Amino acid sequence: MNTNGTVRRRTGLWHNEDARRFVSLVATGVLIALLTGADGSQDDSLLAFRESLLSIRLPICVGLMVLLWAVFYVGQRRRISLSPAVTGAAFRQRLRQMPVVRWLLIVAVVGAALVLPPFLSGFWQTVLVNQVGIYVLLAAGLNVVVGWAGLLDLGYIAFFAIGAYTTAYFTGTLPIAPPFVVNPFVAIIFAVLACLVAGVLLGTPTLRLRGDYLAVVTLGFGEIVRIVALNGDDFTNGPRGATNIPHPSITLPFGVHFTVPGLDWKVDWDGSLRWGIDSLPYWYLLLVLTALVVFLLSRLEHSRVGRAWTAIREDEVAAQANGVRTVRLKLLAFAIGASTSGVAGVIYASKVGFISPDNFILQYSIFVLAYVIFGGMGSLTGVVLGAALLTALPEFLRDYVAAADRPTYLGAVLVLMMIFRPAGLVPAGRRKAEITAQQASDPPGSSVQQADQPEAGQPEAGPTASPAGAVGGGQ
Amino acid sequence: MSLQEFCQFTILGLTRGSLYALIALGYTLVYGVLQLINFAHSEVFMMGGFGGMFVIRALLGPSPGMQSFALATFYLVLGMLAGAAAGGLTAWVLERVAYRPLRKRNAPKLAFLISAIGASVFLFNFAGKLWSRQPQFVPQFFEVNKPIFDIFGATMTLIQVVIVGSAFAMMVFLDRLVATTKLGQGIRAVAQDAPTAALMGVDIDKTISRTFVLGGLLGGAAGFMFGMFSLVQYNMGFLPGIKAFAAAVLGGIGNIRGAMVGGLLLGLVENWSAIFIDTKWSDVIAFVALVLVLMFRPTGILGERLGRSA
């Protein structure tokens, strides 16, 4: 694809593909040495540099990177190109077309989610509920807004906050007394209603705005909700937040009481289900809720509404011209996303039992958005998987990295992921098709942009320019 | 509310507003050429603060005492240059690592957003690790809070004069640069129509890279001044970054003069609101003002586009 003319003209060392890759890998090595090295101090700003770069760490990290480069280099010299059959691409392609495999995978994942958690340690159970479960629900909701309707919402966590504070209000743990105190399960209804109202209130005036303007307005909304919660000492208890939010419980009108005659086996259950400090029951509750939400949303995806959202996302004017009621549908997407978030808020509030404005800072909105895009915007499977992986990732680093440093790795993963798999972990079918089509039809007129293409061809984009050829042209 | 109080808050608003405007220019420049929100720009600002602080510390030590006028000016300019250089370098690396590879692969628009968010999260946590998470202060080498002049009983201090003055100088400089130089012409051409600009011989990659650096220089210098004004910390970029982004949108994102107007206006509104309502609501007021403006002028006060006509 690279025209030889543009490549040959640039013959400086910096324009040599291998030299460039070498420099960036060495830089990465230094970065890793710093990242894993000592912490800095307030008085001696160069302490971290000295401690990390003068230790054995630096040669090891840089050495590894140079080795990596050498492997690349030799690989390219020899022009080793594996056929798709060997690399397994063809095999994977064939697998993908078999519905059985897909179902097996789903069954395996659901089975693992059902069976495994009791065997995990208490810590991991808590992570599963407080992080993974909650964020999967949040991400599934945001996926409707961003992934399907294409509305960039940066204040999504506000609805989570509204859900949580509604729970606190209706369980009587805020300074203002509610008209009646209810079980957190019943609070779900009120939380969903509150979020619907908030979503419509925010959406009605703002949904006329285009992409980035909508983003900043929703961001503002998120901050407003947080600051109101922070400053409203009289009704939200300010920075102290709400404490002792009760756990949910269900008492069924019937119990199960029976004895098996002959055997000494007796069931005596009064029909009550209680959730408590223990994380495991919450996990199953969240699993049921997530399954429900995912099922409902997946029904929506290819329905008339879902297709209308796609139309709006792709071209709002064209959608409107074709009779799609854009404002109403955008509001619907907003409201559905908001109410899902509200449900997550209820569960979070009653699980943790304590909420404060610090739980609802802008960064969490951004994180949820990152999970959605990491997983594959618009693909429910991807979003659920992405949220689960990225929320669990920092916890895996727990034994090796200080808590404060963990987001650094999250950031690095996000950047790398976007470079190498911009459509996400499990790309939505439509988006994937778009990207491949775009790459295939890349106009030759854009050769100025293409002239010094630093990376080798995309790993999975089929017949792109051969990297070996491009390098050969440069020398 | 007395006149004095009003003037005092106006001065404060001008100071903050001119810093917002400087940062907002970075958002707007990048938006102009790429139609992307550079979410990592707040980290450029933070790096500028650190860069300036380190240079001042290295030259003068932790407690230098007051310098003479000429020396103080010299160090101030030096610190600003160091901050600008740190900001520019950060922006350049950012474009190289988090933007260019994606551009080469025709990634969808939101992928850029996430890679920028990732870079931002990485950068500020990394800075926190390298230079500790405690707040740090730029050594004071001149009397920062010396009152310079009174307006109706409200005093403007030396640092405020410095910030407002240098910010305006930089804004005029940028405005002229974009309007008259070849680089500015290139930036405007890419903003208007990138493929056509490429056909006319504009090197798009270089222009984009330089646009990032330009925004980084301004943001870095603003970071140093912010450090002089308050403190330097790994997460110092967050709030000013968001405000400046809001300011850029307020003025019409992609519009250079819009960013200046938006920044100043946001700073003023935020501080005026502190007179009438409590200071703790000033962030809410700023965002409500933003929403109100956008409802009546959906593309900001001065409208979009870096290039003159759409």
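None of these values were measured; they are calculated from a predicted model.

Enquirer: I'd like a rundown of the overall build of chain B, residues and numbers included.
Expert: What chain B contains, in helices and strands, is 11 helices and 2 strands. Its helices and strands taken in sequence order, chain B reads α-α-α-α-β-β-α-α-α-α-α-α-α from the N to the C terminus. Along the three orthogonal principal directions, the C-alpha set of chain B runs to about 55 × 45 × 35 Å. In chain B, which comprises 310 residues, the share counted as buried stands at 59%. In chain B, of all internal contacts separated by at least 6 residues, the share reaching a separation of at least 24 is 79%.

Enquirer: Outline helix α9 (residues 157-170) of chain A, listing residues and values.
Expert: Taking 1.5 Å as the rise per residue, α9(A) with 14 residues should run 20 Å; its terminal C-alpha atoms sit 20 Å apart, in good agreement. Looking one or two residues beyond α9(A), the residue adopting positive phi is Gly172(A), at roughly 70°.

Enquirer: Which residues make up the interface of chain B and chain A, and what are the values?
Expert: Listed as interface residues are 50 residues of chain B and, on the opposing side, 53 residues of chain A. Elements represented by at least two residues in the side of chain B that touches chain A include exactly α3 (69-104), α4 (109-131), α7 (194-199), α8 (204-229), α9 (238-251) and α11 (282-296) of chain B. Each residue belonging to the side of chain B that touches chain A can be placed in one class, and the counts come to 34 nonpolar, 8 polar and 8 charged.

Enquirer: Lay out the nonpolar core with the relevant residues and their values.
Expert: Within the largest apolar cluster, 224 residues are counted, with the highest numbers of intra-cluster contacts made by Ala139(A), Ala333(A), Val368(A), Ala21(B) and Ala246(B). Contact partners of Ala21(B), with chain neighbours within four places excluded, come to Ala167(B), Met171(B), Ala247(B), Ala259(B), Met260(B), Gly263(B) and Leu264(B).

Enquirer: Lay out the confidence of the model for chain B with the relevant residues and their values.
Expert: Here chain B averages 88 in pLDDT, and 97% of its residues register 70 or above. Both scores are given for the predicted complex: the pTM is 0.81, the ipTM 0.87.

Enquirer: Just give me the short version of the pairing of strand β1 (residues 147-151) of chain B, but keep the residues and values in it.
Expert: Residues and elements named next belong to chain B. Summarising burial for β1: 0 of the 5 residues are buried, a small minority. As paired strands, β1 and strand β2 (residues 154-157) are joined by 4 bridges and run antiparallel to one another. Directly across from Phe149, in β2, lies its bridge partner Met156. Taking the residues between adjacent antiparallel strands as the criterion, β1 and β2 are bridged by 2 residues, where Phe152 takes a positive phi near 50°.

Rules and cut-offs
- Residues numbered from 1 in each chain as written.
- Chains lettered and ligands numbered in written order.
- Predicted model: local features only at pLDDT ≥ 70, side-chain atom pairs only at ≥ 80, totals over all residues.
- Helix = DSSP H or I, 4+ residues; strand = E, 2+ residues; numbered from the N terminus.
- Buried ≥ 20, exposed ≤ 12 C-beta atoms within 10 Å, placed from the backbone.
- Contact = placed C-beta atoms within 7 Å.
- Expected span 1.5 Å × (residues − 1).
- Nonpolar A, V, L, I, M, F, W, Y, C, P; charged D, E, K, R; others polar.
- Core = buried A, V, L, I, M, F, W, Y, C linked by C-beta atoms within 7 Å.
- pLDDT = per-residue confidence, 0-100.
- Pairing = 2+ DSSP bridges.

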